[in-house]
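# Analysis of the macromolecular model
Listed below are the residues making up each chain.
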Number of protein chains: 2
Amino acid sequence: MSGGPATRLKVCLEVSLITKNASPARGTKDILPKEAQLRSWAVNRILEAYARHGFSQIEVPIIEGIEWLTGGVGGENEKLLFKILKRGEKLDLAAATSEDDLCDLALRFDLTVPLTRYYAANQSQLPLPFKAIQIGPVFRAERPQKGRFRQFTQCDIDIIGEPSYLGEMELIAASAEALCALSLRGFEIKINDRRALESFSRHCGIEEGRSGEFLVALDKLDKIGVSGVAKELESKSFQHGAIDKAVGLIELLGNGMEPLEFYSEIGVGKEVIDQLEKINSFSRELGGAAFSSALDPTVVRGMGYYTGTVFEVAYPGWSSSIAGGGRYDKMLERYGKDSPAVGFSLGFERILTILLEMHEPVQAVAQRYLTILFEEGEEFKPAFELAGFYRDAGYNVSLRHRKAKLGNQLKRLEAEANLARSHGDYHGVVVYGEDEEPRELP
Amino acid sequence: MSGGPATRLKVCLEVSLITKNASPARGTKDILPKEAQLRSWAVNRILEAYARHGFSQIEVPIIEGIEWLTGGVGGENEKLLFKILKRGEKLDLAAATSEDDLCDLALRFDLTVPLTRYYAANQSQLPLPFKAIQIGPVFRAERPQKGRFRQFTQCDIDIIGEPSYLGEMELIAASAEALCALSLRGFEIKINDRRALESFSRHCGIEEGRSGEFLVALDKLDKIGVSGVAKELESKSFQHGAIDKAVGLIELLGNGMEPLEFYSEIGVGKEVIDQLEKINSFSRELGGAAFSSALDPTVVRGMGYYTGTVFEVAYPGWSSSIAGGGRYDKMLERYGKDSPAVGFSLGFERILTILLEMHEPVQAVAQRYLTILFEEGEEFKPAFELAGFYRDAGYNVSLRHRKAKLGNQLKRLEAEANLARSHGDYHGVVVYGEDEEPRELP
C-alpha cells in the first residue's frame, strides 16, 4: 500500500491510540436504541398534541452570543454556562485577563431566553399571538447527580402576545393533552400567581427587597417541609415575627384551609383571585377523570422572570414536578418590546424516565425485526426482493450472508435478539430457500 | 409592589437592556415555523425508511471530551472545533499557556467520530452488526457563506461489524428509499473505491506518501474541471510526467471510456473491481426509473478515514452532492476494536433547500388553522368544546377573545393569515354564536 489516506490514517491512529475508557463526557449520556425510539415517539405525540392547539414548532440555535445568555434573566442558570472559546485572531490569550476576554458564544441553558431573542429578531414574520413549540437540548454545567444531566432535552410551549388568562387556559389544555397522549394519567396541575406570593410576603411583614429570598426558601417546601423552610428563613436572618407568621400560614393550609380563603386572608387582590379561580375551574373541568387541578398558594417556580400565574404538574409517586411554567410579561422589554408572554415546559427527561417503566408507551414503540439469511452470490436479488415484501408487511428487515454452520449462526442471532429484546419486540429469521415464513427467535 | 422577583427583574432588565440587533450568532440561523414543519416531516420520513431496513436510532451527546475530537481522524474538521472553556477550579487562566490548558470539552463536528466512541462504550449492549441511525446538529467554526452554517443537521446511517459489500448494499437500499420517501427522484448514485484511487495514484507515478495530496486535488474535479486539477497539482510541485498521466486518464473518462475498462487500465485488483461491479449493478437494478447509478473513478470523498467503497449522490441541477459515504474499516482500531464499518450520510440541509421549493413535500406539511372567536366570560366552556370538536376534525385550533369591533379583528386575522400562509395552508375562523361552520380567511 502506498502512502495514501489509508496509510496516513494508520499513522495517526498509532499516534492517537486512546486506551482510556470510552464513556461520554461527565454528566452526559449515550442514548441506546430502545430509549431513542421512545424519545422519538414521545416527541411526535407531544408535537401532534401541540399542533392541534395551534402551536407551531420553531428551532433556535444551540449556540448563542454570550451577551444574550448573561443578561441576568437566567438567574442561577447563568452561573452554569458552558462558554465557547473565541477562535482565530479574536483569541488573544496573552492579553486576556478574564473569561469574558476569551469567550464570545455559549450553549443555551434553557429555551425561554433564546425564544425572546428569536421573537425580537423575527417578529415581523410571525403571527400575533405567536404560539411556539420548542423541543431540543439545553446545557448546564451542574454537578452531575443521579437523574440530572449536563445535556438534557427541554420541551416548551409559549404564547407571546396574549395578555389575558386565555393564554394560560390554552397552555394548560395543550400540555394536558400532550401528557395524556403519552398515556400519563392522574397528574395534578397546581396553580398559583406571583402576585399572590408578593401578597404573602408582604402580609408576613417581609422587608421590602427581600421577598425574592423569602420565595426561594418557600420554594423548597415540598422537599424540606415547613420546619425546613423555617430553619432556612432563620439562617437568612429574617425577623422572627415574619417567620412565625409565614409558618403559621403554611400550617393553616396544611390543616385544610381552602386556598381561596387563604388568598383573601393574606390580602390578594380580587382581580388576581378571580383569574386564579377561572383558570383552576377551567383546568378542573377539563381534567375530568384523567387529571386533577388545584390552587396551591405555596407554588413558586424558581425563575425570577415570572410576573403572574405560575403552575406546575405533580405526578403520583414523584417528588419533583414533571412540568411547570408561568407568565413572564416583562421579559420582552429587554428587546424594547412590550409583549406579554406565558409558557409551559414539560420535564421531558423526567417524563421519559416514567414512560420507560410503563407498559403502554414501551408497547407503542415495539418493533418487528426480521433477519433474512441468504447465500453469498447470486441469491442477493431474490433475497432483497423478499426483504422488500416483508418491509411492506411491517417488519424492519436486515440481510445477512448465510454462514456455513447455520446452527451456530442461528444461535448467535438468538443471543443478539435476546440482548436487544425489549418488551413487545419480535425477532424473527428467514433462511432464504429453506423457510417459507419467518420463524421467531426464541 | 415590594422588592420581590418582579422588582429584581425590573432592575436587572434596566441594567442589561440590550439595544443591538437580535440576530442569531454569526453563521447560525433561526428556523421559522414552515421550515421547522418541513424538517420534522423529513426527519420522520427518513427515520421510517431507515427503520424498515433494520436501522435503529441512537443519540450521542453534542459535547464530547476534547481528546476524542482531536485525535486526527477528523482531518480538516478538527481545525474548526468549537472548544468549551473549563469551569470552576479547573480553569487556571493565569497558568494557561495554550488553548489546551483552557478547554476540556468541544462541540462535535460530525456524527461519525462520536459514533465510534459510542460503539466502544456500549458494544456489549448492541447487536452485531450494529445498524445505527443518527440525526442531529453538528458544529463547525467555518467562515459563514451562503448555504453553509456553523450549526447544521447531519443525518447518518452506519453499519458496524459487516465486513462484506452487503453493508454497502443495505446502506444504498435504505438511503435511496429515504430519498424517495422525501419525493426526490432522478438522483444518481456514484460509486468508487479508495483502493481503486490508490491504484490510480500509483499508476500515475505519484510518489509514495503523496497520494493523499493527489486525491485532495482530484476531489475538486467537479468544481474546477480537469485544467483546474492540473494547475493545483502543479502548484503542489507534482512531477510533470505524473500530472500529464493523470490528466490524460481523466480525459479518457471524459471522452467516454467505460469505468470498468478504466479500472483495468490503471491496474485495480480483480477483487475490488468485482465488488464495485456487484454494488453498482445492485444499485442500478434497485433504482429502476426512480434513480440511476454509475461507477465513477473520480469520486474521492474528503475524509481521510475511508478505506474501501466511497459513494456520493448527485441531484440534477445541483453542483454539490446531496449525500455520500463510504467504508472506514480501520477507525474502530482507535479504541482497540477490530470492527469493519461503513456509513452513508444524507446532506440534510441541502436536501431541505431542495424540498422547500418542491410542491409535494410542502403540500405534505400543509396545515388547517382555525381560530375560534368568543366573548370573554362564560362562553369559554362551549368555545373550548367546539375547539375540541374541530381538532378531532383535523384543524389546528386557537382560541381568542372576540373584540368589540369584530370587523377590524377579522381584518387583522386576515393579515396574520396572509403573513403566515404557505402553499396549501388553510386559515379559517369561527365566530362563536354567529357562525355554524368555519369561514375561510381570504
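Residues numbered from 1 in each chain as written. Chains lettered and ligands numbered in written order. Predicted model: local features only at pLDDT ≥ 70, side-chain atom pairs only at ≥ 80, totals over all residues. Heavy atoms only, no water.

## Quick look at the packing of helix α5 (residues 166–181) of chain A against helix α11 (residues 270–287) of chain A
Residue and element names in this part refer to chain A. At their nearest, the axes of α5 and α11 sit 10 Å apart, and the two run at 25° to each other. For the element pair α5 / α11, the angle class is roughly parallel. For the element pair α5 and α11, the recorded crossing hand is right-handed. Two secondary-structure elements touch here, α5 through E168, M169, I172 and A173 and α11 through Q275, K278, I279, F282, S283 and L286. Partitioning the contact of α5 with α11 into residue classes produces six nonpolar, two polar and two charged. (Axes fitted to C-alpha atoms, helices over the stretch in contact; angles between N-to-C directions. Helix = DSSP H or I, 4+ residues; strand = E, 2+ residues; numbered from the N terminus. Parallel < 35°, antiparallel > 145°, perpendicular 65-115°, else oblique. Left-handed = near helix turned anticlockwise from the far one by under 90°. Contact = heavy atoms within 4.5 Å. Nonpolar A, V, L, I, M, F, W, Y, C, P; charged D, E, K, R; others polar.)

## Structural notes on the side chain of B:Q409
Residues and elements named next belong to chain B. Mapping Q409 onto the fold places it in helix α15 (residues 406–420). Of note is the side chain of Q409, whose polar atom sits 2.7 Å from the backbone nitrogen of K403. In this view, Q409 contacts L373, H401, R402 and K403; residues no more than four positions away in its chain are not counted. (Polar contact = N/O pair within 3.5 Å; in protein donor to acceptor, adjacent residues only side chain to side chain.)

## As for the packing of aromatic side chains
How two aromatic rings sit relative to each other is set out by the distance from centre to centre and by the angle between their planes. Considering all chains together, one arrives at 30 aromatic pairs over all chains under this definition. Arranged with centres 5.6 Å apart and planes meeting at 90°, the rings of B:F200 and B:F214 form a pair that is edge-to-face. In this pair, B:F200 is assigned in helix α6 (residues 194–204) and B:F214 in helix α7 (residues 211–218), connecting sequence segments 14 residues apart. Neither B:F200 nor B:F214 differs from the other in exposure class; each is buried. Clustering of aromatic rings is evident, with ring pairs tying together A:F200, A:F214, A:F262 and A:Y263. The ring of A:F238 carries the charged tip of A:R210 above its face, separated from the ring centre by 3.9 Å. Against the face of B:Y426 rests B:R368, its NZ or CZ located 4.6 Å from the ring centre. (Phe/Tyr/Trp six-rings, centres within 6.5 Å; stacked < 30°, edge-to-face > 60°. Buried < 20%, exposed > 50% of the residue type's maximum accessible area, 1.4 Å probe, protein only. Lys NZ or Arg CZ within 6 Å of the ring centre and 35° of its normal.)

## Some thoughts on the confidence of the model for chain A
Residues and elements named next belong to chain A. Across chain A, the average pLDDT comes to 91, with 95% of residues at or above 70. Every residue in residues 1–19 scores below 50 in pLDDT, and together they form 47 contacts with partners more than four places removed in sequence or on other chains. Confidence metrics for the complex model read pTM 0.93 and ipTM 0.92. (pLDDT = per-residue confidence, 0-100.)

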